[in-house]
Amino acid sequence: MLNYVIKRIISMIITLLIIVTITFILMHLVPGGPFTDSERALSPAVEQALMEKYKLNDPIWKQYLEYIKGIIRFDLGPSYAYTGRNVTDLIKNGFPVTAKLAVISFVLILIIGVPLGVTSALQHNKFMDRLIMVFSTLGVTIPKFVIATLLLFLFAYKLKWFPIFGAESLKSYILPAIANALASIAYITRLNRSSMLEVLEQDYIRTARAKGVKGYKIVYKHALKNATIPTVTVLGTQMVTLLSGSFIIEKIFALPGIGRYFVQSVSNRDYPTIMGVTIFFSFMLLLMTLIVDIAYGYLDPRVRIQKTSKGDK
Amino acid sequence: MLNDRQLNQIDFPSDSWDELDKDFQFVEDEDLPTMTYWQDVWRRFKQNKLSIMGVIIIFLITIIAIFGPLISPYTYSHQDLNYTAIPPLLNLWKIGNEDTYIYIHKSLRIYTSTVKGRLIEYIPLQKNDLINKKAIVVVNGEEITIDYNFKPFKVFTHTGKEISIFKKVYNKSFIFGTDDLGRDLLIRVIYGARISLIIGFVSSLVNLTVGILYGGISGYLGGNIDNFLMRVVDIMRSIPRLLYVIIFMVIFGSGMKTVALTIGLVYWLNMARIVRGQVLSLKEHEFILAAKTIGAGTWRILIRHLLPNAMGPILVVATMQIPNAIFTEAFLSFVGLGVSAPQASWGTLCNDALAGIGTNPYQLFFPAMAISITVLAFNFLGDGLRDSLDPRLRK
Amino acid sequence: MKKSLTIFLATIIFLSIVIGFVYAIDAKGNQDEYSVLIFNGEIDPPTLDPQLNTISHGSLIIYNMFEGLVKTNTRNEQTPGVAEKWEISDDGKQYKFFIRDDAKWSDGKAVTAYDFEYAWKRAVNPANAVKYVNHMFYLKNAKDIFDGKKPMEELGVEVVDEKTLIATLEAPVPYMLEMFSFGVYKPVREDIVEKNPDNWTTNPDTCISNGPFKMTEYKMNDRLTLVKDENYWDQDRVKLNELQFVFIEEEGTALSAFQAGEIDGLLNIPTQQIPTLMMESDEFFIKPRLRLTYAAFNVTAFPFDNIKVREAFTKSIDRQKIVDTVILTGEIPASGFVPHGLIVNGKDFREEGGNFGIQPTVMLEEAQKALAEAGYPNGEGWPKNVEYLYNTNDLNKKIAETLQEMWKKNLNVDVSLVNVESKVHSQRRHSGDFQIARAGWGADYNHPMTFLDLFTSEAGNNTPQYRKAEYDSLIEQAKLSTDPEKTIELLHKAEEMFMNDWAVCPISYATQPIMMKEHVKNWDLSPLGDINFDEIYIEK
């Protein structure tokens, strides 16, 4: 087990290093420099001084090495767009908000998606099932920014149930989390429904039924655990969807998270922030996959961890 | 089991067989025709009403997208700045005793209209008194005062009598209303269908090509090459792809072509994995071995034998990629990196309408509906395909 | 498994309690007396350092946190700031400031002449890469020092004693008093800045300021809280106890927040909502703004190297229509380069300058005639791939689409629209890599010079790539002239020369829409975009 984790961590580091390199190259292909202002041209001397200050006059390979050296010390460099702030600070400042948003969305997915899916499967082909299916199909058909705007308009502006912007209280997170999670809820509902249906047809469930085990007992004791296995495997990727979806949500609800740097850093040509955000999100993704793989091993004893470590998942 | 020698040793009684009639012919069982895999798929697919509906919807939308612009009296870029932001539902006021009807836009623009809701003419204000919040307009020689101290405003005749709304009618000139530059929203949505669908199809095609090549090669060659290629996919999967889409869009510049290509190029990973998985499991089958024995080359085996058999799941993924691309394009529009103006995809139309949701909700409603219906249709189609391709998954 | 059901239920109950609790503490009672104003700052400014800031979002805050020697209020009157009085030498080149005794920093230390000397030298030092350094070049030797030709000691600033400062200029500048109130000329504290040269303004502990408000809390990208500074010398003027800036980027969200009463004021409003607001809201205002929106022709690039093409393009658009139906904020159709509202020597520069024969509506015949003279009668032979470059933004896009249609309709020429992201836009614009480009310019100070020195050969913001020796010499003479009347006369000549060359197609003189709650009293927005938070009070 420990061996496996260590192996995975080493491969994670190599992966990250490769991502850093690719992003670094791509970033420098983007036209326009970090210090071109939108309306006012900068005097060449000032631009030169700024380039000097941020060591952008060094050859690219040297900048790259410096950057790698920085990462090893957990220093992601200074932001070009926010004078005097380090990228590490930006992430440290924004992450609690983004994480809170993601976790609440995650909880919503679990407490809404799983029960709905199970209910739908148990009520197979009845009215309830149809209703849930319609809802969950609709959930994936509207773009996130439209959902977010609609929710804001209806529940915060018209009905005044929630604050319109900011991250002052937990209440502020509810609407953004719903907007963020809706598509994932729909997806998990459908996934749970189909895996539950599959499980309910298995021999051991029939055996249990034949032996006279009560309905709810079958569901909770026998079916549920096995039916949630597929859910666990996709939770990792759903978490990533939630994290990256946070850009839209954070912008519309004016939450001070890190999602905003997704676009802002590219349009500012804020190289260190682009790198920082990429590394951070990649790291989160890799971490999630690792956790899911370990959790999967516990949930489903058939899956031998050593086997999943190979390429042929 | 008996071996040959033992078989030969069995002594069969000679009356165990009859000789066949010379005229006897084999007759195939007509009641049970044999079905190929695809026929079988089609049979199952037909039974799924939702997927058939999906296909019909997609077909209709495609037809409208292709031929709609040819029929419409407007073009997608035609502006009439006198007719900006006119909603699809009009309040008409009846003026005087004759059949004169006017529509008053909430930004105080007055139009004469037929009773059925076809707008005739824009009538500029005679006077707008900003301080007393009263506007005067002359229609057919009749002087009308609009008092906007009231919210919503009230309309009075020159004698000071209030005129109430005569009736609500649907806008016959612009069925979906107009946008902020006085362009017909219906034709914009139809034209948007072109853009969104092209982006969907093209990016799905790019995705398919790259995915099949990559996954096919990886799965077929196997071994170290496979390991390496899959490692690469794993690494790329850990990159925040949205960020890469944005970077690519900034490098290549915006426009329909770049959007379609970028989305296709960034989202092929899933396809590659599916194709590889299929090829990996199929290549151990006897028919591939047989093909190899006859001396078929790698490419021939890949293209003639492996891919057609792996087509099922690939098709499902490719279908689902289309709504994904439409969504991603909508996201890019939200960021401001979408197609070039005055072209507009559904995403652009939605994004343009977002800020006006309080005043002109119809501008958001129609393109959002269009996206919803299309994505829904593709979802139905994808579900149907998956179910009929793999009956085990059918629920 | 019953256990897990229990856990499941318990989780739900727990969550509902948490949510309920959150609701409960949100409903806190109103406190009277203590007045708070919440304003939308839109984006968190990159820095609040008076020397380093370049964007309006930063100035809005800095204007109320730091005070220069002179204060320019929103009515463009120069009043004593940190300096209680000043003397100007007869040749207009020397300013002697007397700093008031009660001028204090927010930590209680006195503001001295050294703080200004330090700030100015800091601004001129090339190592600090101050982007607005060009505004320092009025000071004697500043340019040479910046270019490394002279040592820092020769800068035209002299500390006589702690409370007396002498500034020496290269040449007399008619608007110099106003310049002294500008951001780059504001004082900073050496001991503070030297400790954290880059990030002293990000933390309330180190952000020591000398203006009406001081920082107490700064949550990045979220909220900046300023409170009335009890060390500020002019206590009586400041009525607000607390001033908060929130950072809501999305215009629609900000407007909703305003209408729901969560914020008290905001600047940019979604255009779609403006007609309704204008009619229905008593809290919606339109204020003058010293800003111009124009389309710049690249005078060195085909086909706009042809003066007649430029004339045709300029005359064939309906500015009135664009202003009335697209921009919607009561802007004025532009016919020159300098907007209305720059009053020098008692006369409005624009009124005096005339309109150069550009009408608000389409001048169809003249435009078509000019195009024919240029060799494209009725658009025949018009080259393909003529591009209009603009940076992505809702309004820019609408204007671009409208212009495209107007040129198509009136001149029968095709122009394709290219939208790029703003960094690419400015890079291409400044380097001349375009044919026509959307451009805009906002005044830095209240003098026509801020608009007209853009088009000298050396200027970095010379978007049309306009280079003409006569023009350069007119501007040079205007800068050196000791007679304000003469300066204005030269500037009029320069504008006329420039406009007669049809180097730009002016579109509109901007306005600034603003929303402010009814209970906010005595507020004002200057044409440069400053808000007098130090004079506002709240009456509920």
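About the thresholds
- Residues numbered from 1 in each chain as written.
- Chains lettered and ligands numbered in written order.
- Predicted model: local features only at pLDDT ≥ 70, side-chain atom pairs only at ≥ 80, totals over all residues.
- Heavy atoms only, no water.
- Helix = DSSP H or I, 4+ residues; strand = E, 2+ residues; numbered from the N terminus.
- Expected span 1.5 Å × (residues − 1).
- Bend = angle between axes of the 7 residues up to and from the residue.
- Contact = heavy atoms within 4.5 Å.
- Buried area = accessible area lost by both parts, 1.4 Å probe.
- Salt bridge = Lys/Arg side-chain N within 4 Å of Asp/Glu carboxyl O.
- Polar contact = N/O pair within 3.5 Å; in protein donor to acceptor, adjacent residues only side chain to side chain.
- Nonpolar A, V, L, I, M, F, W, Y, C, P; charged D, E, K, R; others polar.
- Buried < 20%, exposed > 50% of the residue type's maximum accessible area, 1.4 Å probe, protein only.
- Pairing = 2+ DSSP bridges.
- Patch = residues over 30% accessible without salt bridge, like charges linked within 9 Å, V, L, I, M, F, W, Y side chains within 5 Å.
- Areas by Shrake-Rupley, 256 points an atom, 1.4 Å probe, with all protein chains shown as cover.
- Lys, Arg positive; Asp, Glu negative; His and termini not counted.
- Charge placed at Lys NZ, Arg CZ, Asp CG, Glu CD.
- Domains from an automatic or database assignment.
- Axes fitted to C-alpha atoms, helices over the stretch in contact; angles between N-to-C directions.

Enquirer: Quick one: what's the story with helix α4 (residues 87-122) of chain A, residue by residue and with numbers?
Expert: Between its first and last C-alpha, α4(A) extends 50 Å over 36 residues, near the 52 Å set by a 1.5 Å rise per residue. Roughly 40° is the biggest bend found in α4(A), and it falls at A:Phe95, with proline A:Pro96 one to four residues downstream.

Enquirer: Mind laying out the interface of chain B and chain C, listing which residues take part and the relevant values?
Expert: Listed as interface residues are 32 residues of chain B and, on the opposing side, 25 residues of chain C. Summed over both sides, the interface of chain B with chain C buries roughly 2500 Å², with 51% coming from carbon and sulfur. Summed over the three residues of chain B that lose the most area to chain C, namely B:Leu81, B:Ala341 and B:Ala355, the buried surface amounts to 21% of that side. Remark: the boundary between chain B and chain C carries 4 salt bridges. Where chain B meets chain C, there are 10 residue pairs in polar contact (both at pLDDT 80 or more). Among the elements that line the side of chain B that touches chain C, the one with the most residues is helix α11 (residues 346-354) of chain B, at 3 residues. In terms of residue class, the side of chain B that touches chain C is built from 11 nonpolar, 14 polar and 7 charged.

Enquirer: An account of the pairing of strand β9 (residues 223-228) of chain C is requested, with residue identities and associated values reported.
Expert: Residue and element names in this part refer to chain C. With 5 of its 6 residues buried, β9 lies for the most part within the structure. Across 6 bridges, strand β8 (residues 213-219) lies against β9 in antiparallel orientation. Residue tyrosine 218 lies in a different strand from β9, and its bridge partner there is leucine 224. The turn joining β8 and β9, which pair antiparallel and follow one another in sequence, is formed by 3 residues; a positive phi near 60° is taken by asparagine 221.

Enquirer: Please provide a residue-by-residue account of the interface of chain C and chain A, values included.
Expert: Of the residues lining the interface, 60 residues belong to chain C; the matching set on chain A comes to 55 residues. Viewed at the interface, chain A and chain C are joined by 4 salt bridges. Of the charged contacts in the structure, one is a salt bridge between C:Glu250 and A:Lys251, with a shortest N-O distance of 3.2 Å. Where chain C touches chain A, the interface holds 12 residue pairs in polar contact (both at pLDDT 80 or more). At the level of secondary structure, the elements contributing two or more residues to the side of chain C that touches chain A comprise α1 (2-26), β8, α7 (251-259), α14 (422-431) and β18 (436-442) of chain C. Of the residues assigned to the side of chain C that touches chain A, the class counts are 27 nonpolar, 16 polar and 17 charged.

Enquirer: An account of a nonpolar patch on the surface is requested, with residue identities and associated values reported.
Expert: On the surface, a cluster of nonpolar side chains totalling about 830 Å² of accessible area is made up of B:Ile56, B:Phe59, B:Leu60, B:Ile63, B:Ile66, B:Phe67, B:Leu70 and B:Ile71. Tracing the chain through its elements places B:Leu70 in helix α3 (residues 49-71).

Enquirer: A description of helix α7 (residues 171-200) of chain A should follow, citing residues and the corresponding values.
Expert: The largest bend along α7(A) measures about 50° and falls at A:Ala181. Counting buried residues along α7(A), 24 of its 30 residues qualify, which places the element largely inside the surrounding structure.

Enquirer: Describe a positive patch on the surface, listing the residues and the values that go with them.
Expert: All names here are of chain B. Where like charges cluster on the molecular surface, the positive patch consists of Lys116, Arg118, Lys167 and Lys172. Mapped onto the secondary structure, lysine 172 falls in the loop between β10 (167-170) and α4 (185-221). Owing to a relative accessible area of 37%, lysine 172 belongs among the partly exposed residues under this scheme.

Enquirer: How would you summarise the domain arrangement of chain B if you had to cite specific residues and measurements?
Expert: One can read the domain layout of chain B as domain 1 (89-170) and domain 2 (185-393). For domain 1 of chain B versus domain 2 of chain B, the distance between C-alpha centres works out to 51 Å.

Enquirer: Describe the sheet that holds strand β5 (residues 127-129) of chain B, with residues and values.
Expert: Residue and element names in this part refer to chain B. Across the sheet, which stays open at both edges, the 5 strands sit in the order β5-β6-β7-β8-β9 with antiparallel pairing between neighbours. Where the open sheet ends on each side, the last strands, each with one partner, are β5 and β9 (162-163). Inspection of the sheet shows strand β6 (residues 134-139) paired to strand β7 (residues 142-147) by 6 bridges, in the antiparallel sense. Counted as the bridge partner of valine 138 is glutamate 143 from β7.

Enquirer: Describe the side chain of B:Asn171, and please don't skip the residues or the numbers.
Expert: All names here are of chain B. Positionally, asparagine 171 belongs in the loop between β10 and α4. A polar contact is formed between the side chain of asparagine 171 and the backbone oxygen of proline 87, at a distance of 3.1 Å. Reaching out from asparagine 171, the side chain makes a polar contact with the backbone nitrogen of serine 173 at a distance of 3.0 Å. In this structure asparagine 171 touches Ile86, Pro87, Pro88, Leu90, Gly117 and Gly177, once residues within four positions along its chain are discounted.

Enquirer: Before we move on, could you go through the sheet that holds β10(B) and cite the residues and values that matter?
Expert: Residues and elements named next belong to chain B. Reading across from one edge, β4-β3-β2-β1-β10 is the order of the 5 strands in this open sheet, with antiparallel pairing throughout. Looking along the sheet, the strands with just one partner apiece sit at the ends: β4 (119-123) and β10. When the angles between neighbouring strand axes are averaged without regard to direction, this sheet yields 40°. Strand direction decides the pairing type here: strand β2 (residues 100-104) and strand β3 (residues 110-113), joined by 4 bridges, are antiparallel. Its bridge partner lying in β3, isoleucine 102 is registered against threonine 112.

Enquirer: Which residues make up unusual backbone geometry, and what are the values?
Expert: Glycine aside, the phi torsion of most residues is negative, and most peptide linkages are trans. Following C:Phe302, the chain continues to C:Pro303 via a peptide bond in cis, the omega torsion being -5°. Located in the positive-phi region is B:Leu108, a residue other than glycine, with phi close to 65°. Looking at the secondary structure, you find B:Leu108 in the loop between β2 and β3.

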